Structure formats: C-alpha cells, structure tokens
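Here's the letter readout for the chains.
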Number of protein chains: 4
Amino acid sequence: MPRTREENERIRQMAKENISRAAIEVFIEKGYHAASIDDVARRAGISKGLLYNYFSGKADLLRELILSRIEEIVQVMKEAATKPTPVEQLMYIAEHALHNVQERPSVYRFYLHIQTHPEADEVVSTYSQLLKDEMTRQSKHQVDIFRKMGVPNPHLQSLHFSTALHGMMLMYATYPENFPLPELKVKMLSTFF
Amino acid sequence: MPRTREENERIRQMAKENISRAAIEVFIEKGYHAASIDDVARRAGISKGLLYNYFSGKADLLRELILSRIEEIVQVMKEAATKPTPVEQLMYIAEHALHNVQERPSVYRFYLHIQTHPEADEVVSTYSQLLKDEMTRQSKHQVDIFRKMGVPNPHLQSLHFSTALHGMMLMYATYPENFPLPELKVKMLSTFF
Amino acid sequence: MPRTREENERIRQMAKENISRAAIEVFIEKGYHAASIDDVARRAGISKGLLYNYFSGKADLLRELILSRIEEIVQVMKEAATKPTPVEQLMYIAEHALHNVQERPSVYRFYLHIQTHPEADEVVSTYSQLLKDEMTRQSKHQVDIFRKMGVPNPHLQSLHFSTALHGMMLMYATYPENFPLPELKVKMLSTFF
Amino acid sequence: MPRTREENERIRQMAKENISRAAIEVFIEKGYHAASIDDVARRAGISKGLLYNYFSGKADLLRELILSRIEEIVQVMKEAATKPTPVEQLMYIAEHALHNVQERPSVYRFYLHIQTHPEADEVVSTYSQLLKDEMTRQSKHQVDIFRKMGVPNPHLQSLHFSTALHGMMLMYATYPENFPLPELKVKMLSTFF
DNA sequence: AATGAATGAGGTTTCATTCAT
DNA sequence: TATGAATGAAACCTCATTCAT
C-alpha cells in the first residue's frame with residue numbers, strides 16, 4: 001500500500017526543514033561558497049541525491065534561508081506595530097534586534113556576509129537582493145513611526161536610529177567577547193528617547 | 001652589467017604591487033572564493049606561473065591585502081595623533097573613515113565580507129584575525145583619546161563612537177544610493193562633540 | 001469476488017501497452033539515453049515504482065519497443081504475401097514503408113538512430129541485433145518474391161530495391177520539408193516495374 | 001625560459017588533434033551520449049582537466065568533429081567540380097561516397113546516428129544542423145550538375161540520385177557483411193548514366 | 001498493485017598548483 | 001624571470017534502481 005498523500009507531504013516537509021537546518025549550520029560554519037552540498041547532506045544525515053529531491057541546488061538552499069530571514073524581519077515589524085506608542089515600537093525593534101544578535105551572533109554574521117557578497121556573484125546577488133528589498137520596505141515603516149513621534153526630520157532620524165542599531169549589531173557580532181552590549185544599549189537608546 | 005640588488009628588490013616590489021592591485025580588483029568583483037588565480041594573473045597582465053613566483057598561493061594574496069589594510073589603519077591613526085586636540089583627532093578619524101567608504105564603498109564591503117567570513121575557513125580566518133587584532137589595538141588608542149577629553153567613561157564612550165561610525169559605514173556601503181551621508185555625519189558628530 | 005486470471009492478465013497487458021506507448025513517445029522526443037525513467041512514468045501517468053513492476057528496467061522498455069517494431073515488420077510482410085502477384089507484393093511493401101515514414105518520420109528516425117548505435121553499447125546492441133536479424137530474415141522473403149518474378153539475379157535485385165527504398169525513407173526522415181516523396185516514389189517504382 | 005609562442009601554438013594544435021582523434025574513436029565505439037569525457041581523455045592519454053583546456057566541453061568536441069566532416073564534404077564536392085564532364089563529376093561523388101563508407105562504415109554510421117538524434121537534444125541538434133545545412137547546400141550544386149547534363153527535371157533527378165546513393169551507404173553501413181557493394185554500385189550507376 | 005522517498009555510482013566541470021621549457 | 005601546458009582533487013548534479021509503506 002502506498003503512503004497517503006498527506007503522509008508524503010508530512011515527510012517532505014520534515015525533510016525540507018531538516019535540510020534547511022543543516023544548511024544554515026554548515027553555511028554559518030564554512031560560508032556559503034566553501035560549504036559543499038555534500039557537507040549539507042552529511043549534516044542532514046541524508047544522501048546528496050535526496051537533497052536534490054527537495055532543493056534544486058545550492059542556490060535554492062540559500063534562497064530558502066533568505067526567505068526565512070525575511071519572514072522573521074516581517075514578523076518582528078508586525079509585532080512592533082502592535083505596541084501602543086511609537087517609542088515603545090522603536091524600543092521593541094531595538095530590543096529584538098540586539099537580543100537576536102546577542103543570542104546568535106553567527107547568524108547575524110552570516111547574513112551580513114551574504115549582504116556584502118560582490119555583485120558579480122549573480123546567484124547570491126539575486127537572493128540577497130530580496131533581503132535588501134525587504135529591509136528597504138521595513139525602513140519605510142520605521143520612518144512612519146518616527147513621523148508619528150512628531151520629530152522634525154523623520155527620514156533622517158530613522159536612518160540615524162538604524163545606523164546606530166546596526167553599528168552595535170555589527171560590532172557585537174564581530175567582537176562578541178567583552179562587548180558591553182547592555183550598557184551601550186542604554187546609552188544609545190538614551191540619545192534617542 | 002647586472003642590476004644591483006637594490007634595483008632588483010625595487011623591481012620585485014613593483015611587480016608585487018601590480019599583482020596586489022589586480023588581486024583586490026578581482027576579489028572585489030568576484031569575491032575571494034569565486035575569483036580564480038587565472039583571473040588575477042590575467043588582470044595583472046602576467047602568467048599564472050609568474051604569480052606563484054611572487055605569492056605562495058591564493059591565500060597569500062589575501063594576506064598581503066589584509067596587511068595593506070592594516071597598514072592603512074595604522075597610518076590613519078598615526079596621522080590623527082598629530083592633531084592638536086582630542087576632538088580634532090576624533091574628527092579626523094571619523095572624516096577619514098567616512099570619506100573612504102564614500103569614495104570606495106566596494107573596498108569597505110570587501111573587508112567587511114572578509115571579516116564576517118566564518119571561523120571554520122582556516123585560511124581566511126587566520127589572516128582576518130590579523131585585521132581584527134589590529135582594530136582592537138587601535139581601539140585602545142581611541143579610548144586614550146576619549147580619556148584625554150575627560151569624559152566620564154572613556155571606554156564606553158569610545159565604543160559608542162565606533163558603533164555609530166561603523167553603523168554609518170555599513171549602511172552607506174550597503175545602500176549607497178540615496179543615503180544622506182553628509183547630513184547624518186553632521187547629526188552623528190553633533191551628538192558626540 | 002476476485003478477478004479471474006484472464007482478467008488480470010488483460011489488465012496487466014493494457015498497463016504494459018500504456019507504458020510502452022509513453023516510452024516510445026519520450027524516447028523519440030529525448031532519445032533513449034537522455035530520457036529518464038521518471039519521464040516515462042510521468043508520461044504514462046504512473047509512478048516509477050509501478051513501472052518497475054512491469055518492466056525490469058530501462059533496457060527492457062527498449063526491448064519491448066523493438067519487439068513491437070519486429071512484430072510490425074513481420075505483419076507487413078505477411079500482409080504482402082497475401083497479394084496475388086509478386087509485383088503487387090513488392091508494391092505493397094514499398095507503399096507501406098513510405099506511407100509509414102511519411103506519417104511518422106520521427107518513428108523511423110528513432111529506429112534508425114537505434115540501429116546506428118555503436119556496438120559497444122551492449123544493452124542497446126543486444127536488442128538492436130534482434131531487429132537486424134529480423135530484417136535479414138525478411139529480406140530473404142523479399143528475394144523469394146523477386147525470384148518468383150523471374151528476374152536474372154533476384155538477390156541483387158532485391159538488395160537494389162531495398163537500398164532504393166531505404167534511401168528514400170532516410171532522406172525523407174532527414175529532410176521532411178520539401179521532399180517530393182510522391183514524385184520520387186513514382187520515379188523509383190518505375191525503374192523497377 | 002618560457003616556450004615561444006609558436007612552440008606553444010604547435011603544442012596546442014597537436015594536442016587538439018590528438019584529442020579530436022580520441023574523441024571520434026570513443027564516440028564511434030560508445031556513442032556520443034554514452035561516451036564520457038573521462039573515456040576521451042584516457043584514450044587521448046591526457047587528464048580530464050587538460051581536455052577542458054582545449055575544448056569547452058563534450059558538445060564542443062562534437063562540434064569540432066562535425067566541422068571536420070563538413071570540411072570533408074566541401075572538399076569532395078570541390079574535387080568533383082574539377083572533373084571535365086557532369087557525368088564524371090557525379091561518378092566521382094558516388095565513387096568517393098561509397099569508397100568512404102566501405103573503408104570506414106563506422107564513421108558513416110556515427111554521423112548517421114548523430115543526424116537521427118532527436119530534435120529535443122539541443123546541443124547535438126545545434127551542431128547536427130550545421131551538417132544538415134551543408135548537405136543542403138551541396139545538394140544544390142548537385143542539381144546544377146544534373147542541369148548541365150540536360151536532364152528533364154534536374155531537381156528530381158538529383159534527389160533520386162542521392163536517395164539511391166544514401167540507400168546504399170545506409171545498407172552497407174548497417175550490414176557490411178555479405179553486402180555486394182561493387183555489384184550494386186554498377187547496377188545503380190547503370191540506371192543513371 | 002502502487003507510491004515516491006531514498007541511495008549512490010557516475011557524469012561534467014572547475015581550478016589551485018606544479019613543472020618542463 | 002617567465003610561460004602556459006598539465007594534473008588531479010573536489011565540486012555540482014542526474015538518474016536508474018531499490019524498498020518501506
């Protein structure tokens with residue numbers, strides 16, 4: 001008797017998730033370029049062939065990871081929007097971003113690594129662009145939040161906020177040892193609110 | 001009449017610089033991994049074989065580039081030290097960094113890409129560590145400058161300054177279009193001085 | 001109530017024919033080597049696994065197609081034998097062959113492709129040999145027909161007839177556009193009868 | 001001291017010829033699809049890598065062989081054109097074609113195999129089309145020869161001649177044993193001239 | 001009878017590096 | 001010093017076949 005379609009679908013779903021998990025692990029450890037399909041398959045505990053049953057290639061794995069990342073970003077911004085005041089919304093965004101980089105600096109490093117890939121790498125570039133586009137879209141929302149706060153130049157103020165935030169994330173991800181993230185967070189936020 | 005040893009050394013040095021220049025161009029365009037030795041040799045206008053006469057391999061090329069980058073950083077900090085006041089010194093550092101990223105964002109992107117390379121990539125990691133170490137050393141100098149300014153917590157203040165600076169550099173390098181670098185620079189510096 | 005053995009056999013036969021039909025379609029479109037078992041199964045509307053229930057592998061599919069082709073050839077020769085005179089018999093053979101290549105040049109192309117497969121390809125070679133053997137056998141019958149006509153050298157005459165016929169089939173199959181098959185047929189047949 | 005450019009050019013030329021020779025041998029033995037790059041490289045006595053130094057892939061090898069074949073065809077037609085009378089020209093073409101297929105039936109088989117490749121195989125199709133185009137071009141010349149002979153319908157007559165010729169070639173290449181090529185040649189030519 | 005997940009061998013291709021010249 | 005032919009390991013990817021369900 002063959003498996004039912006639902007059963008197969010469940011198997012497929014679990015396999016895809018298993019592979020995606022293995023992929024980000026390996027990509028983080030070795031980098032996208034240096035990681036081989038074999039590495040990912042071995043980490044996932046499956047054969048190379050099966051991996052190709054689920055993903056059309058290495059680039060497709062990256063695409064999947066980037067789409068997940070985008071999903072995360074969208075989710076955070078949605079959650080932020082539920083907060084009652086603009087300040088609380090911005091605080092939520094900052095807290096969340098810093099918490100994430102603190103919990104898993106290597107993940108942030110990885111996406112930063114991808115975003116700084118040379119343009120000539122078409123495959124990476126294409127998918128990396130998706131992430132960039134989404135961040136552009138979200139930054140518009142952030143400008144709106146500043147606008148609601150009634151600050152003089154919301155666009156500039158929003159960019160200022162983002163640069164400060166990303167600066168902290170970048171430095172923490174690069175030098176996680178001895179980086180006084182909590183103190184700096186306080187200092188940074190105090191200059192804005 | 002044979003060339004003197006000095007002359008030979010000078011010629012050798014120029015050849016190395018030519019290759020290094022070609023290497024960073026190609027690495028920026030294609031990325032370290034995707035760039036091939038052949039690409040670099042062709043760009044330098046020499047043969048693969050001759051390249052190996054000057055550099056022991058691809059990793060050695062990267063090492064040379066990173067050493068140059070370190071040299072640059074040291075140089076800037078030295079120049080900053082010649083300025084009369086701490087504030088002027090910090091302004092010099094900031095102006096220089098922002099000017100550089102504005103002039104050649106791809107160079108900044110490249111080194112950021114290298115610095116976010118995963119630890120598991122031994123070759124890159126080893127040389128990337130050199131850069132990291134140097135930046136740690138220079139950040140100590142920067143703390144000293146803040147200390148001379150007499151601010152309450154020079155260490156924290158220095159890190160705050162660096163995060164703000166690197167945040168701007170990162171964002172400009174990632175979204176060079178429509179990024180109001182001059183305005184943000186003014187805004188950022190005004191919060192510090 | 002279980003199906004009778006005959007019924008089962010009939011169902012099995014129909015399934016095999018369905019698969020065979022799909023196989024020749026796919027083989028003609030992609031070629032034997034390039035076609036995948038998956039392609040064939042998908043075309044037949046069944047799963048890969050089920051295909052293996054009916055055929056022992058890719059080579060077996062080819063074998064089946066070649067056996068069908070042989071069956072066709074035998075059939076045509078049998079039908080020809082029912083014609084009253086030798087000339088009518090030969091005319092029937094020629095008409096049939098040309099009609100077939102005109103209707104489905106790609107089928108003729110396919111079997112020609114198979115017949116020109118190199119000897120080293122053991123699998124194809126083995127089955128292709130079956131076809132060759134059958135054609136040799138049928139050509140003997142054709143010699144008999146010429147013998148009945150009372151021509152001087154029936155063997156040579158028969159071969160001459162075959163070369164002319166196959167030459168036309170080959171050229172029509174290779175250049176179906178603008179090939180004046182009817183005119184040539186008349187011209188060719190007029191030289192023989 | 002590096003080799004001179006001429007020396008390198010000579011090495012390249014010889015290597016290419018060596019590889020081409022190996023390629024047609026292997027393709028004839030195994031067929032284009034079944035032959036692997038490794039097979040060709042091993043037959044040529046070189047490494048896989050070196051083969052890629054000279055040919056951009058398997059398809060490029062095929063292209064080279066087909067271009068050679070076209071060269072041959074053009075050459076034969078040129079030589080035929082030097083004969084004084086149309087009949088001698090046609091005789092030359094026929095003699096040459098039959099002589100070739102008799103000497104190396106496997107070569108004729110191979111190109112026939114390629115020409116009967118399914119259209120869906122884009123790579124083979126592209127190069128095979130070159131051969132087809134050339135044959136179309138040459139067939140125009142052949143029509144001219146018949147026209148000079150003053151026959152009623154030179155186009156049809158030329159096609160008739162070609163089908164007869166190719167029919168013989170096809171049958172000889174398929175059943176080289178016991179095929180009375182000389183006798184058939186005489187018979188066939190006697191019907192035309 | 002029926003499915004498609006799973007395997008692994010085998011194919012194509014790239015490229016850092018070596019070396020004869 | 002200088003060249004580029006030559007190597008081979010390692011990467012990506014495909015697909016005939018098996019097998020648990």
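An unreviewed UniProt entry lists chain A under the name Transcriptional regulator, with Paenibacillus tyrfis given as the organism.

Draft legend 1. Representation of the overall build of chain A. Counting its secondary structure elements, chain A contains nine helices and zero strands. Overall, chain A shows an N-to-C arrangement of helices and strands of α-α-α-α-α-α-α-α-α. By its C-alpha atoms, chain A is 65 × 35 × 30 Å across when sized along the principal axes. Every one of the 193 residues in chain A was classed for burial, and the buried ones make up 49%. Working note: accessible area of chain A is about 9800 Å², and carbon and sulfur atoms make up 53% of it. Put simply, chain A has 24 plus and 24 minus side-chain charges, and the middle of one group is 1 Å from the middle of the other.

Draft legend 2. Molecular detail of the interface of chain B and chain A. Tallying the contact residues gives 41 residues for chain B and 41 residues for chain A. Summed over both sides, the interface between chain B and chain A buries roughly 3600 Å², with carbon and sulfur atoms accounting for 69% of that surface. On the chain B side of the interface with chain A, the three residues burying the most area are Arg109, His113 and Thr116 of chain B, jointly 16% of the side's total. At the junction of chain B and chain A, the tally comes to zero salt bridges. Connecting chain B to chain A are 11 residue pairs in polar contact (both at pLDDT 80 or more). When residues of the side of chain B that touches chain A are traced back to their parent elements, those giving at least two are helix H1 (5-30), helix H6 (105-115), helix H7 (122-149), helix H8 (154-174) and helix H9 (181-192) of chain B. For the side of chain B that touches chain A, the element with the most residues is H8 of chain B, which contributes 12 residues. Taken together, the residues that form the side of chain B that touches chain A break down as 17 nonpolar, 15 polar and nine charged.

Draft legend 3. Broad picture of the domain arrangement of chain A. Residue and element names in this part refer to chain A. Domain parsing of chain A yields domain 1 (1-55) and domain 2 (62-192). Each of domain 1 and domain 2 was reduced to a C-alpha centroid, and the two centroids are 29 Å apart. Opposite the nine residues of domain 1 that make contact, domain 2 presents 12 residues. Between domain 1 and domain 2 lies a buried interface of about 860 Å² when both sides are counted; carbon and sulfur atoms form 78% of it. Three residues, Ile24, Ile28 and Tyr32, lead the burial of domain 1 against domain 2; their summed loss comes to 55% of the area buried on that side.

Draft legend 4. Region of interest: the interface of chain D and chain C. Taken residue by residue, the interface counts 41 residues in chain D and 41 residues in chain C. Contact between chain D and chain C buries roughly 3600 Å² in total, counting both sides, with carbon and sulfur atoms accounting for 69%. In terms of surface lost to chain C, no three residues of chain D exceed Arg109, His113 and Thr116 of chain D, which account for 16% of the buried area on that side. Taken together, the links from chain D to chain C amount to zero salt bridges. Counting across the interface, chain D meets chain C through 10 residue pairs in polar contact (both at pLDDT 80 or more). Counting residues per element, the ones that place at least two in the side of chain D that touches chain C are helix H1 (5-30), helix H6 (105-115), helix H7 (122-149), helix H8 (154-174) and helix H9 (181-192) of chain D. Considering every element that reaches the side of chain D that touches chain C, the biggest residue donor is H8 of chain D, with 12 residues.

Draft legend 5. Focus on the packing of helix H9 (residues 181-192) of chain C against H8 of chain D. Running from N to C, H9 of chain C and H8 of chain D cross one another at 65°; their axes reach a closest spacing of 10 Å. Handedness of the crossing formed by H9 of chain C with H8 of chain D: right-handed. Note on element contacts: H8 of chain D touches H9 of chain C through Leu156, Gln157, Leu159, His160 and Thr163 of chain D, opposite Glu183, Leu184, Lys187, Met188 and Thr191 of chain C.

Draft legend 6. Seen up close, the relation of the copies chain D and chain C. Mapping chain D onto chain C calls for a rotation angle of 178° and an axial translation of 0.1 Å; the resulting RMSD is 0.7 Å. In short, the pair behaves as if placed about a two-fold rotation axis. Residues of chain D ranked by C-alpha distance from the rotation axis are headed by Gly167 of chain D, positioned 1.8 Å from it.

Draft legend 7. Seen up close, the pattern of salt bridges. Within this structure, the stated rule accounts for 50 salt bridges over all chains. Among the salt bridges present, the one from Glu72 of chain C reaches Arg69 of chain C, with a minimum N-O distance of 3.9 Å. Separated by three residues within a single helix, Glu72 of chain C and Arg69 of chain C lie in helix H4 (residues 58-81), roughly one turn from each other. What you see here is one network of salt bridges that share partners, running through Lys30, Asp38, Asp39, Arg42 and Lys48 of chain B.

Draft legend 8. Broad picture of the UniProt feature "DNA-binding region" (unreviewed entry) in chain A. The UniProt record annotates "DNA-binding region" (unreviewed entry) at residues 36-55 of chain A. Secondary structure across residues 36-55 of chain A divides into 75% helix and 0% strand, with the first and last C-alpha atoms of the span separated by 14 Å.

Draft legend 9. Expanded view of the packing of aromatic side chains. A full pass over the atoms with the stated rule returns 32 aromatic pairs over all chains. Ring centres 5.1 Å apart and planes at 65° place the aromatic pair Phe110 of chain D and Tyr111 of chain D in the edge-to-face group. The pair formed by Phe110 of chain D and Tyr111 of chain D is uniform in burial state, with each residue classed as buried. The ring of Tyr32 of chain B has Lys58 of chain B lying over it, and the distance from NZ or CZ to the ring centre is 5.1 Å. The ring of Phe55 of chain D has Lys16 of chain D lying over it, and the distance from NZ or CZ to the ring centre is 5.0 Å.

Draft legend 10. A look at the environment of Tyr92 of chain B. With respect to the helices and strands, Tyr92 of chain B occurs in helix H5 (residues 86-103). Excluding anything up to four places from it in sequence, Tyr92 of chain B contacts Val76, Glu79, Ala80 and Lys83 of chain B.

Draft legend 11. Up close: the relation of the copies chain B and chain A. Once chain B is rotated about the relating axis by 178° and shifted along it by 0.1 Å, it coincides with chain A to within an RMSD of 0.7 Å. When you check the interface residues of chain B against chain A, 98% turn up at the interface there too, and the contact is symmetric in its surfaces.

Draft legend 12. Molecular detail of the side chain of Lys132 of chain A. Relative to the elements of secondary structure, Lys132 of chain A occurs in helix H7 (residues 122-149). Notably, Lys132 of chain A is buried but unbridged: the nearest opposite-charge side chain belongs to Glu177 of chain B, and the N-O separation is 4.3 Å. In this view, Lys132 of chain A contacts Thr174, Tyr175 and Glu177 of chain B; residues no more than four positions away in its chain are not counted.

Parameters at a glance
Residues numbered from 1 in each chain as written. Chains lettered and ligands numbered in written order. Predicted model: local features only at pLDDT ≥ 70, side-chain atom pairs only at ≥ 80, totals over all residues. Heavy atoms only, no water. Helix = DSSP H or I, 4+ residues; strand = E, 2+ residues; numbered from the N terminus. Buried < 20%, exposed > 50% of the residue type's maximum accessible area, 1.4 Å probe, protein only. Areas by Shrake-Rupley, 256 points an atom, 1.4 Å probe, with all protein chains shown as cover. Lys, Arg positive; Asp, Glu negative; His and termini not counted. Charge placed at Lys NZ, Arg CZ, Asp CG, Glu CD. Contact = heavy atoms within 4.5 Å. Buried area = accessible area lost by both parts, 1.4 Å probe. Salt bridge = Lys/Arg side-chain N within 4 Å of Asp/Glu carboxyl O. Polar contact = N/O pair within 3.5 Å; in protein donor to acceptor, adjacent residues only side chain to side chain. Nonpolar A, V, L, I, M, F, W, Y, C, P; charged D, E, K, R; others polar. Domains from an automatic or database assignment. Axes fitted to C-alpha atoms, helices over the stretch in contact; angles between N-to-C directions. Left-handed = near helix turned anticlockwise from the far one by under 90°. Least-squares fit on C-alpha atoms with pLDDT ≥ 70 in both. UniProt positions renumbered as here; feature names shortened; annotations may be inferred. Phe/Tyr/Trp six-rings, centres within 6.5 Å; stacked < 30°, edge-to-face > 60°. Lys NZ or Arg CZ within 6 Å of the ring centre and 35° of its normal.

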